[in-house]
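Take a look at the letters that make up each chain.
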Amino acid sequence: MTPENPATPHPQPSPQCPCGDAAHSCGDPTAAWLARYYQRVSAAMEALWQTLVDPDEPYWDADGTRWLAVGSQAPSGSQQGIPFTNEAELAAIRLECRALAVHNEFAINGHENRISYIVGTGHGYRITPRPGRQVPEHLLRKAQEILCQFLRRNMWHRRQQEIVRRRDRDGEVFLRFFPDPEGTLLVRFVEPEQVSTPDHLRDDPAASFGIVTRPNDVESVLGYFVDGQYIPAGEIQHRKANVDLNVKRGLPLFYPVRKNLRRAEKLLRNMCAVAEIQSAIALIRKHSHLAWPAARDFPQAASQGTPAVPGIPPRQRILPGTILDVYAGTEYEFPASGIDAARFVAVLQAELRAIAARLVMPEFMLTSDASNANYASTMVAEGPAVKMFQRLQQEMIEEDLQVMWRVLETAAQLRQIPAELLHDIDLQAIPPTLAVRDRLKEAQADAILVRSGAMSPQTMAMRHGLDPDRERQLLASTPPA
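Since the model is a prediction, treat every value here as computed from it, not as a measurement. (Residues numbered from 1 in each chain as written. Predicted model: local features only at pLDDT ≥ 70, side-chain atom pairs only at ≥ 80, totals over all residues. Heavy atoms only, no water.)

Participant: What is the right way to look at the overall build of the protein chain in this model?
Facilitator: Across its full length, the protein chain carries 14 helices and 10 strands. Buried residues in the protein chain amount to 35% of all 481 residues. Summarising the internal contacts of the protein chain: among those between residues at least 6 apart in sequence, 64% fall at separations of at least 24. Counting only carbon and sulfur atoms, one obtains 55% of the accessible surface of the protein chain, whose full area is about 29300 Å². (Helix = DSSP H or I, 4+ residues; strand = E, 2+ residues; numbered from the N terminus. Buried < 20%, exposed > 50% of the residue type's maximum accessible area, 1.4 Å probe, protein only. Contact = heavy atoms within 4.5 Å. Areas by Shrake-Rupley, 256 points an atom, 1.4 Å probe, with all protein chains shown as cover.)

Participant: What is the right way to look at the sheet that holds strand E6 (residues 229-232) in this model?
Facilitator: The pairing of strands in a sheet comes from backbone hydrogen bonds and takes either a parallel or an antiparallel form. Strand order in the open sheet made by the three strands is E4-E5-E6, with antiparallel pairing throughout. Each having just a single partner strand, strand E4 (211-214) and E6 make up the two edges of the open sheet. Ignoring strand direction, the axes of neighbouring strands in this sheet form an average angle of 40°. Relative to strand E5 (residues 217-226), E4 runs antiparallel, the two sharing four bridges. Counted as the bridge partner of Arg214 is Asp217 from E5. (Pairing = 2+ DSSP bridges. Axes fitted to C-alpha atoms, helices over the stretch in contact; angles between N-to-C directions.)

Participant: It is not clear to me how the packing of aromatic side chains should be interpreted in this structure. Could you clarify?
Facilitator: Each aromatic ring pair is summarised here by two numbers: the centre-to-centre distance and the angle between the ring planes. Under the counting rule described, the total for this entry stands at five aromatic pairs. Look at Phe150 and Trp156: their rings are 5.5 Å apart centre to centre, the planes differ by 45°, and that puts the pair in the tilted class. Taking the relative accessible area as the measure of exposure, Phe150 reaches 0% and is therefore buried. The ring of Phe189 has Arg166 sitting right over it, with the charged end atom 4.4 Å from the ring centre. Across the ring face of Tyr255, the terminal group of Arg258 is positioned such that the distance to the ring centre comes to 4.1 Å. (Phe/Tyr/Trp six-rings, centres within 6.5 Å; stacked < 30°, edge-to-face > 60°. Lys NZ or Arg CZ within 6 Å of the ring centre and 35° of its normal.)

Participant: Is there a simple way to think about the pattern of salt bridges in this case?
Facilitator: As a working rule, side chains carrying opposite charge can pair if their charged atoms are close by. Applying the stated rule across the entire model yields 22 salt bridges. Two residues, Asp400 and Arg239, come together in a salt bridge whose shortest N-O distance is 2.7 Å. Here Arg239 lies in strand E7 (residues 236-240) and Asp400 lies in helix H11 (residues 384-413), a separation of 161 residues in the sequence. Take Asp400 and Arg239: they sit in the same class, and that class is buried. Between Glu351 and Arg263 there is a salt bridge; the shortest N-O distance is 2.8 Å. (Salt bridge = Lys/Arg side-chain N within 4 Å of Asp/Glu carboxyl O.)

Participant: I keep staring at helix H4 (residues 137-153) and nothing clicks. Help me out?
Facilitator: One turn of an α-helix holds 3.6 residues; hence residues three or four places apart share an orientation. Along its 17 residues, H4 runs 24 Å from first to last C-alpha, staying within 8% of the 24 Å computed at 1.5 Å per residue. For H4, the set of buried residues is Leu139, Leu140, Ala143, Gln144, Ile146, Leu147 and Phe150. Buried residues of H4, viewed axially, fall in a sector of 155°; they line one side. With its phi angle positive at about 45°, Met155 sits one or two positions after the end of H4. (Expected span 1.5 Å × (residues − 1). Arc of directions from axis to C-beta.)

Participant: Would you take a moment to explain the packing of H4 against H11 for this structure?
Facilitator: The description of two helices packed together rests on the angle between their axes and the distance between the axes. In the contact formed by H4 and H11, the axes pass within 10 Å of each other and the chain directions differ by 120°. Of the possible angle classes, the one that applies to H4 and H11 is oblique. Seen along the crossing, H4 lies across H11 with a hand that is right-handed. Two secondary-structure elements touch here, H4 through Ala143, Ile146, Leu147, Phe150 and Leu151 and H11 through Val403, Met404, Val407, Leu408 and Ala411. By residue class, the composition of the contact of H4 with H11 is 10 nonpolar, no polar and no charged. (Parallel < 35°, antiparallel > 145°, perpendicular 65-115°, else oblique. Left-handed = near helix turned anticlockwise from the far one by under 90°. Nonpolar A, V, L, I, M, F, W, Y, C, P; charged D, E, K, R; others polar.)

Participant: When you look at the environment of Cys97 in this model, what are you seeing that I'm missing?
Facilitator: Counting through the fold element by element, Cys97 comes out in helix H2 (residues 87-103). Separated by 71 residues in the primary sequence, Cys97 and Asp168 have C-alpha atoms spaced 9.4 Å apart.

Participant: Before we go on, may I ask you to explain the packing of helix H5 (residues 156-170) against H11 in this structure?
Facilitator: Look at H5 against H11: their axes get within 13 Å of each other, and the N-to-C directions meet at 130°. With respect to each other, H5 and H11 are oriented oblique. The way H5 lies across H11 gives a crossing that is right-handed. Facing Trp156, Gln160, Ile163, Val164 and Arg167 of H5, the residues of H11 in contact are Glu395, Met396, Glu399, Asp400, Val403 and Met404. Looking at side-chain class alone, the contact of H5 with H11 contains six nonpolar, one polar and four charged residues.

Participant: Help me understand the sheet that holds strand E2 (residues 172-179) in this model?
Facilitator: With respect to topology, three strands assemble into an open sheet ordered E3-E2-E7, the strand pairing being antiparallel. Looking at the sheet topology across the chains shown, the edges are occupied by strand E3 (185-190) and E7. On average, each strand axis in the sheet is tilted by 25° relative to the strand beside it, whichever way the strands run. As judged from the six bridges shared by E2 and E3, these two strands associate in the antiparallel manner. Counterpart to Phe177 in the pairing with E3 is Val187. Contacts between H11 and the sheet are confined to E2, E3 and E7, with E7 contributing the most and set at about 180° to the helix.

Participant: Please clarify how a nonpolar patch on the surface should be interpreted in this entry.
Facilitator: A cluster of nonpolar side chains, contributed by Tyr37, Val41, Met45 and Leu48, occupies part of the molecular surface with about 370 Å² of accessible area. Checked against the element boundaries, Tyr37 lands in helix H1 (residues 29-51). (Patch = residues over 30% accessible without salt bridge, like charges linked within 9 Å, V, L, I, M, F, W, Y side chains within 5 Å.)

Participant: How do you make sense of the side chain of Asp168 when you look at a structure like this?
Facilitator: Structurally, the position occupied by Asp168 is in helix H5. For Asp168, a relative accessible area of 4% gives the class buried. A polar contact of 2.7 Å, which involves the side chain of Asp168, links it to the side chain of Arg114. Among all residues touching Asp168, those that are not within four sequence positions of it are His111, Arg114, Pro252 and Leu253. (Polar contact = N/O pair within 3.5 Å; in protein donor to acceptor, adjacent residues only side chain to side chain.)

Have a look at this one:
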């Protein structure tokens, strides 16, 4: 029988004959059959691959955005305008935005600036009596001491910065509370990917995305699944961003402009690469009188210091300020003289403005280029950026105060303070000032409010970055002038 007979047993097909070349068989019949077999299969697979068509291809734009179906309506109670429908899609979005937060310089600058303006030097917290309530001074001091101990143990200023970074980068942040034997509440982060629904509850809408809620009431959270373990809602605080209240998980800050960030990064990279290449080439010589064999051999001969053609010198190093002697029939071109980077800078600025518009921030806060912006005119009390940061500060204050109340509730459960005290006190949080400050005018305005009884001296001190208790002790220990 010949090797081509299907009934003849043959070894496992191999793309090459023993000599390593698929084009021939070195006289081996089996190798020749294998080579022909491999070529036929390769040609058939290549033809099949070229005929494959994605049926959804007409519904996608060039940038990867899918078209919306005309007249389509989401079912009642669904999440409108959310780009993810399951945990896998949410994880892909989060991974994409995390990569931007690590590698994209413009995204990093945006994250850092939001931290600087929302958190700044840190928020101040103070316990005061509620209006109309009389609270003993020693209980107020004890509660304030517990609060200060919590801030120290948890490095709250640094944790605030990380909360803003995580919330913007991942679209959400999970804080888990652990009561310490010493009575101080400890706060630790839970990674978003740890919060996931177990397999046996995948079909339960009330337990989707790792968050268990009451049926038909997404805002009433009962608990969370962390690494498959059910944790009651009282032990975790979930802060989410850029979604509605009836959406269980948050959306990263830079998701709408992720393509703009990548284009800006690539454009800047290409601009620098082109400029580097063009500026590195000193000149190009065109030998119009050389025939092809001589022009082909010229670079090698010139590199060895041997003239390839009589009358043409070997290759030489061009130093700054070198004067060239032009030979007859040789043309010189200088590519660096044709660089026009201004055209690409305008395109880059347009992309960065689109990103800054998403953040409601001036362009210089994203690019660190203050050449075309005035900080004093941007960070005014009624400016859009100030309004935006004030809104974000207030949102963070509300969530931070929930944590501070948990601290006092834990202290009351451990009998460090009376439980009745929680009904007689109030918590104040004072963020850093955003608008351009005139310290003299602020101090004069605050003094008027203090004299009129509209503001306490303690609040005035905190507004100016001072610790009221410490300043009172220093004043008491300072002899009169």
